[in-house]
Amino acid sequence: MASEYAGIDGTSTEKAIAPWLSIVGLGESGLVGLSEDARRAIEAAAFVFGGKRHLALAADAIRGEARPWPVPFDVDMADVVALRGRKVCVLASGDPFFYGVGVTLLRQVSVQETVSYPASSAFSLAASRLGWALQDVECLSLHGRSIDLIRPYLHAGAKLIVLTSDEKAPALLAALVSEAGFGTSSFSLLEALGGPHENVRHGTAARFSMSDVDPLNVLAIHVVADEKARIIPYSQGLDDALFEHDGQMTKREVRAVTLSSLAPRYGELLWDIGAGSGSIGIEWMLAHPSLRAIGIEQHPERAERAMRNAEAFGVPGLEIVIGAAPDAFEGLPTPDAIFIGGGGSEDRVLDGAVEALKTGGRLVANAVTLEMEAMLLAAQARLGGSLIRLEVARASPVGSMHGWRPAMPVTQWAWVKS
């Protein structure tokens with residue numbers, strides 16, 4: 001049955017289907033831990049979706065047809081959406097809206113069509129077992145994701161609670177954390193939280209040797225940095241030595257100004273044309289987890305190097321397109337910002353970037369050659385924008401003393417498309 005519902009401003013907006021979809025969060029205690037309303041939602045459903053473990057935990061309350069999730073998992077939720085208007089219940093782990101299936105569902109149906117009954121998340125349970133203040137903890141899901149994503153969070157003193165994929169993940173994470181120089185970090189393995197087989201074990205990353213690990217586990221890490229730990233600072237303009245490169249990269253001082261000019265904002269996409277080591281795209285993505293970047297690089301060996309750097313910095317989602325600009329632009333999603341490196345470029349690359357950029361998007365181009373500088377001066381005269389000149393000198397030995405050695409000056413053009 002359809003009914004009107006109020007929008008955010010309190011006004012009536014459109015007709016919506018009355019709630020037909022229940023989303024029930026389950027803990028390892030199963031039905032025992034549910035409220036009466038949550039249990040009734042399961043009992044009243046004509047169709048109950050969930051993983052095999054969830055369906056088994058709720059079996060005594062299921063009166064309708066139990067449907068395990070398909071393999072591979074359908075992120076479009078086609079089977080659920082096809083039953084719109086029927087009584088449907090979806091079972092989830094813990095809090096369905098904290099790295100859970102509830103988020104996936106609400107990409108396909110409106111919140112007005114649902115009634116939710118969340119349970120405690122694995123993060124909340126882990127924090128309570130350790131006595132950690134949850135607001136001071138970094139909560140990270142690596143379920144079905146690259147374990148390299150943990151790297152930016154490895155800072156001395158940080159507390160992390162990490163949701164893993166399976167029984168193998170804790171050992172893999174311990175090896176990664178140790179290799180990065182945090183081997184003395186404390187590792188707490190929390191298994192089957194909230195259920196009859198709950199178990200908590202403690203150790204360190206370097207000496208992790210726990211066996212018979214339950215596939216349903218989270219790791220709590222209190223980070224301790226060794227003397228040579230690879231710590232990725234929060235600032236822009238990271239040390240060049242942190243990157244693998246062949247010398248052809250935007251150096252840290254210029255990179256810091258370039259990232260400031262690109263001004264990353266929530267959820268935006270960057271094109272890094274002439275990606276080289278990938279440093280600009282990597283630092284763009286490190287600014288916030290919502291940011292995305294595509295590096296365009298015509299030299300395969302540099303493209304491979306950029307991907308290795310992306311993994312080492314914990315942003316494995318950096319996409320590298322091997323090809324020459326502007327031909328490589330074809331088929332790529334529209335960027336919010338574009339960076340063009342300073343080694344030299346053709347007019348058609350700049351023209352293609354200007355055309356591809358969305359309205360309101362930002363373009364930043366650096367020139368170190370006279371030819372590219374002339375191109376940027378002409379672009380500024382034609383389109384507007386701002387020009388700055390960056391000159392950096394570094395102290396280096398001169399015999400038994402030291403002197404200033406200037407780097408090549410960089411001309412930077414920054415422009416917003418209107």
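Residues numbered from 1 in each chain as written. Predicted model: local features only at pLDDT ≥ 70, side-chain atom pairs only at ≥ 80, totals over all residues. Heavy atoms only, no water.

A. Geometry of unusual backbone geometry. V71 connects to P72 through a cis peptide bond whose omega is 0°. Cis geometry is adopted by the peptide bond preceding P326, which originates at A325 and carries an omega value of 5°. Among the structural elements, P326 can be located in the loop between β15 (319-322) and β16 (337-340). One non-glycine residue, D212, lies in positive phi territory at about 50°. Its location among the elements puts D212 in the loop between β11 (199-204) and β12 (217-222). The backbone of A263 sits at a positive phi, close to 50°, despite the residue not being glycine. Overall, the relative accessible area of 27% leaves A263 in the partly exposed class. (Helix = DSSP H or I, 4+ residues; strand = E, 2+ residues; numbered from the N terminus. Buried < 20%, exposed > 50% of the residue type's maximum accessible area, 1.4 Å probe, protein only.)

B. Quick peek at the pairing of strand β4 (residues 47-50). Side chains F47 and F49 of β4 all project onto a buried face; the interleaved residues V48 and G50 project onto the opposite face, where all are buried too. In this sheet, strand β5 (residues 65-68) lies alongside β4 in parallel orientation, the contact comprising 4 bridges. Each bridged residue has a counterpart across the sheet, and for F49 the counterpart in β5 is R67. For the crossover from β4 across helix α2 (residues 52-57) to β5, the handedness is right-handed. Alignment of β4 against strand β6 (residues 88-93), held across 3 bridges, turns out to be parallel. In the strand pairing of β6, F49 is matched with V90. (Pairing = 2+ DSSP bridges. Right-handed = clockwise from strand over helix to strand, strands pointing away.)

C. Representation of the sheet that holds strand β21 (residues 410-416) in the model. Ordered in space as β15-β14-β13-β16-β17-β21-β18, the 7 strands form an open sheet in which the pairing is mixed. Sheet topology places β15 and β18 (386-390) at the edges, where each strand pairs with a single neighbour. Taken pair by pair, the neighbouring strands of this sheet meet at an average axis angle of 15°, ignoring direction. For β18 and β21, the ladder comprises 5 bridges, and the chain directions are antiparallel. Along β21, the bridge assignment pairs L390 with V410. Of the strands in this sheet, β13 (269-273), β16, β17 (362-367), β18 and β21 are in contact with helix α7 (residues 252-262), which crosses β17 at around 155°. (Axes fitted to C-alpha atoms, helices over the stretch in contact; angles between N-to-C directions. Contact = heavy atoms within 4.5 Å.)

D. Region of interest: the pattern of salt bridges. Per the stated rule, a full pass over the model turns up 24 salt bridges. Note that R394 and E253 form a salt bridge whose closest N and O atoms lie 2.7 Å from each other. Of this pair, R394 sits in strand β19 (residues 393-398) while E253 sits in helix α7, placing them 141 residues apart in sequence. Residue class for R394 comes out partly exposed when judged on its relative accessible area of 33%. We classify E253 as partly exposed; its relative accessible area is 31%. For R389, the salt bridge goes to E373, with nearest N and O atoms at 2.9 Å. Of this pair, R389 sits in strand β18 while E373 sits in helix α11 (residues 370-383), and the two are 16 residues apart along the sequence. Bridged by salt links that share partners, the residues E244, D246, R302, R305 and R308 form one connected network. (Salt bridge = Lys/Arg side-chain N within 4 Å of Asp/Glu carboxyl O.)

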